[in-house]
Amino acid sequence: MELHIIRHKNASDYLRDFFPPDTAEAYSYQLQRMFESGAAKEGDYFLVTDSGKSYLQAEIYRNNTRRIWEKTPVISPKAVSDSKKTAEAVGLIYDFLSSDEFYFSASDRLEIVFHEDTVFSEVMKTFAKRYGYEKVGEYIELGLKISGGINTEIPDGISFAPFTALEPEERFRTVFEHNELSRYFENTDPALFYQDYLDDGYFSEELWEMMYLKNELSGFIMPAFTSGLKDKIRLLNYNIHESLQNNSIAVVNRVIKICADMKVTKAEFVVNAQHEVMIRELFNKGAVKVSSFSRYIKK
């Protein structure tokens, strides 16, 4: 097997055997333009061939602070899937990603997301551990249909206020310091970390709120529209004191109330798997599990 690093000149190779000819040609043109504009960078797109034929492709995207390998690799429809070949192909990519010569800046640090419901999960975890990646956390994604009968009462003593009531520097610091990833990004500008969340949604900051327990800061919620259609609100990030059961209930109920106020009937919650009270509260309200995933990063 051979690893190919996709560049402007060979963008068509990346897509040729994965889509119908007309679609592959259109996507190749788009990818070439992305390389020209800087929206795509060399070292973020990979093709593995088997005896000269496309076998697997993988893509990494970048935000303001790091690279993120979130999309599950794709095996070409024209290839015959084989577990040994897949492991070899994934191993070639990990080996390339370990090169300090190619990835040398702070913003090149790589986060990897493993979706538990894919055939790649175990083999990718195996290589992640072999190459020194550490688990950041495990998460559950839950979907909830919003109806008029769902209780949105906030427990006594808890209140919410807009993020924008805080000075920008305080917002940046609060989000950065209360995030699982912060220990890996000690020298990162908190404003850039904050911008990552802004870029992940629409009308983000307008919906974000601080949570107070008896006038003391007790957490925050960062829901946002993730589609321009504005038909669904997703809780992208949050912070709570899990030991305080009412905090979990307040977060769930407040997000539901925001959805109702915005006349949105679908909500998604990305919840730390250790936050059992919040997960239980969502299930009690009729939420269903959509997926689960874990995040790894190299120290």
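Heads up: these notes are all about the structure in this document. Everything numeric here is computed off the predicted structure, so don't read it as measured data. (Residues numbered from 1 in each chain as written. Predicted model: local features only at pLDDT ≥ 70, side-chain atom pairs only at ≥ 80, totals over all residues. Heavy atoms only, no water.)

### Describing the sheet that holds strand β1 (residues 2–5)
Picture the strands of a sheet paired through backbone hydrogen bonds; they go either parallel or antiparallel.
Here is step 1 of the chain: Taken together, four strands build an open sheet; the order of strands is β1-β2-β3-β6 and the sheet is antiparallel. Edge strands, defined here as strands with exactly one partner in the open sheet, are β1 and β6 (74–75).
Here is step 2 of the chain: One ladder, built from four bridges, connects β1 with strand β2 (residues 45–50); its direction is antiparallel. Paired with E2 across the bridge in β2 is T49. (Pairing = 2+ DSSP bridges. Helix = DSSP H or I, 4+ residues; strand = E, 2+ residues; numbered from the N terminus.)

### Thoughts on the packing of helix α5 (residues 168–177) against helix α6 (residues 190–199)
Here is step 1 of the chain: One can describe the packing of α5 onto α6 by two numbers: an axis separation of 8 Å at closest approach and a directional angle of 80°. By the angle between their axes, α5 is roughly perpendicular relative to α6. Mapping the contact onto sequence places R171, F172, R173, V175 and F176 in α5 and P190, A191, F193, Y194 and Y197 in α6.
Here is step 2 of the chain: Grouping the constituent residues of the contact of α5 with α6 by class yields eight nonpolar, no polar and two charged. (Axes fitted to C-alpha atoms, helices over the stretch in contact; angles between N-to-C directions. Parallel < 35°, antiparallel > 145°, perpendicular 65-115°, else oblique. Contact = heavy atoms within 4.5 Å. Nonpolar A, V, L, I, M, F, W, Y, C, P; charged D, E, K, R; others polar.)

### Description of unusual backbone geometry
Here is step 1 of the chain: In this model, N215 sits at a positive phi of 70°, which is unusual for a non-glycine residue.
Here is step 2 of the chain: Along the chain, N215 falls in the loop between β10 (209–213) and β11 (216–225).
Here is step 3 of the chain: On the basis of relative accessible area, N215 is assigned to the exposed category, the value being 70%.
Here is step 4 of the chain: Its identity as a non-glycine residue notwithstanding, K263 has a phi of 60°, on the positive side.
Here is step 5 of the chain: Along the chain, K263 falls in the loop between α8 (245–261) and β13 (266–272).
Here is step 6 of the chain: Taking the relative accessible area as the measure of exposure, K263 reaches 76% and is therefore exposed. (Buried < 20%, exposed > 50% of the residue type's maximum accessible area, 1.4 Å probe, protein only.)

### Description of the packing of helix α3 (residues 83–97) against helix α4 (residues 121–130)
Here is step 1 of the chain: Running from N to C, α3 and α4 point in directions that differ by 35°, and their axes come no closer than 10 Å. Relative to α4, the crossing made by α3 is right-handed. Contacts between α3 and α4 involve A87, V90, G91 and Y94 on the former and, on the latter, V123, M124, F127 and A128.
Here is step 2 of the chain: Split by residue class, the contact of α3 with α4 holds seven nonpolar, one polar and no charged. (Left-handed = near helix turned anticlockwise from the far one by under 90°.)

### A short note on the environment of R16
Here is step 1 of the chain: Within the element layout of this structure, R16 appears in the loop between α1 (11–15) and α2 (21–37).
Here is step 2 of the chain: Accessibility expressed as a relative area gives 44% for R16, which makes it partly exposed.
Here is step 3 of the chain: Taking the C-alpha atoms as reference, R16 lies 36 Å from K266; in sequence the two are 250 residues apart.
Here is step 4 of the chain: One polar contact links R16 to D13, side chain to side chain, over a distance of 2.9 Å. (Polar contact = N/O pair within 3.5 Å; in protein donor to acceptor, adjacent residues only side chain to side chain.)

### Details of the pairing of β10
Here is step 1 of the chain: Of all five residues in β10, four are buried, a share of seventy percent or more.
Here is step 2 of the chain: Two elements, strand β9 (residues 158–162) and β10, share five bridges in a ladder whose sense is antiparallel. Residue pairing in the sheet places A161 in a bridge with M210 of β10.
Here is step 3 of the chain: By the bridge criterion, five bridges tie β10 to β11 in an arrangement that is antiparallel. Counted as the bridge partner of E209 is I221 from β11.
Here is step 4 of the chain: Remark: two residues form the turn of the hairpin made by β10 and β11, two consecutive strands paired antiparallel; K214 in that turn has positive phi of roughly 50°.

### Concerning the nonpolar core
Here is step 1 of the chain: In this structure, L144, F269, V271, M278 and L282 are the most contacted members of the largest nonpolar core, which totals 30 residues.
Here is step 2 of the chain: Counting only elements with at least two residues in this core, the list comes to β8 (133–145), β9, β11, β12 (233–240), α8, β13 and α9 (276–284). (Core = buried A, V, L, I, M, F, W, Y, C linked by side-chain atoms within 4.5 Å.)

### Remarks on the packing of aromatic side chains
Here is step 1 of the chain: Taken as a whole and judged by the stated rule, the model has 22 aromatic pairs.
Here is step 2 of the chain: Between F114 and Y296, the ring centres sit 4.9 Å apart and the planes meet at 70°, which makes this aromatic pair edge-to-face. Placement of F114 in strand β7 (residues 110–115) and of Y296 in strand β14 (residues 288–298) is noted, with a sequence separation of 182 residues between them.
Here is step 3 of the chain: Members of the aromatic cluster, connected to one another through ring pairs, are W69, Y94, F127, Y131 and Y133.
Here is step 4 of the chain: When the ring centre of F185 is taken as reference, the NZ or CZ atom of R109 above it lies at 5.6 Å. (Phe/Tyr/Trp six-rings, centres within 6.5 Å; stacked < 30°, edge-to-face > 60°. Lys NZ or Arg CZ within 6 Å of the ring centre and 35° of its normal.)

### Looking at α6
Residue pairs spaced three or four apart in an α-helix point in one direction, given the helix's 3.6 residues per turn.
Here is step 1 of the chain: Here α6 has its buried residues at F193, Y194, D196 and Y197. Within α6, the buried residues cover an arc of 145° as seen down the axis, which keeps them to one side.
Here is step 2 of the chain: Buried residues in α6 make contact with α5, α7 (204–207), β11 and β12.
Here is step 3 of the chain: The N-cap residue of α6 is D189: its side-chain oxygen and the backbone nitrogen of A191 are 3.0 Å apart. (Arc of directions from axis to C-beta.)

### With respect to the pairing of strand β3 (residues 53–59)
Here is step 1 of the chain: By the criterion of burial, β3 is predominantly enclosed, with five of the seven residues buried.
Here is step 2 of the chain: In this sheet, β3 lies alongside β2 in antiparallel orientation, the contact comprising six bridges. Bridge assignment links L47 to a residue of β3, and that residue is Q57.
Here is step 3 of the chain: Bridge analysis of β3 against β6 gives two bridges, and the strand direction is antiparallel. Bridge pairing links Q57 to V74 in β6.

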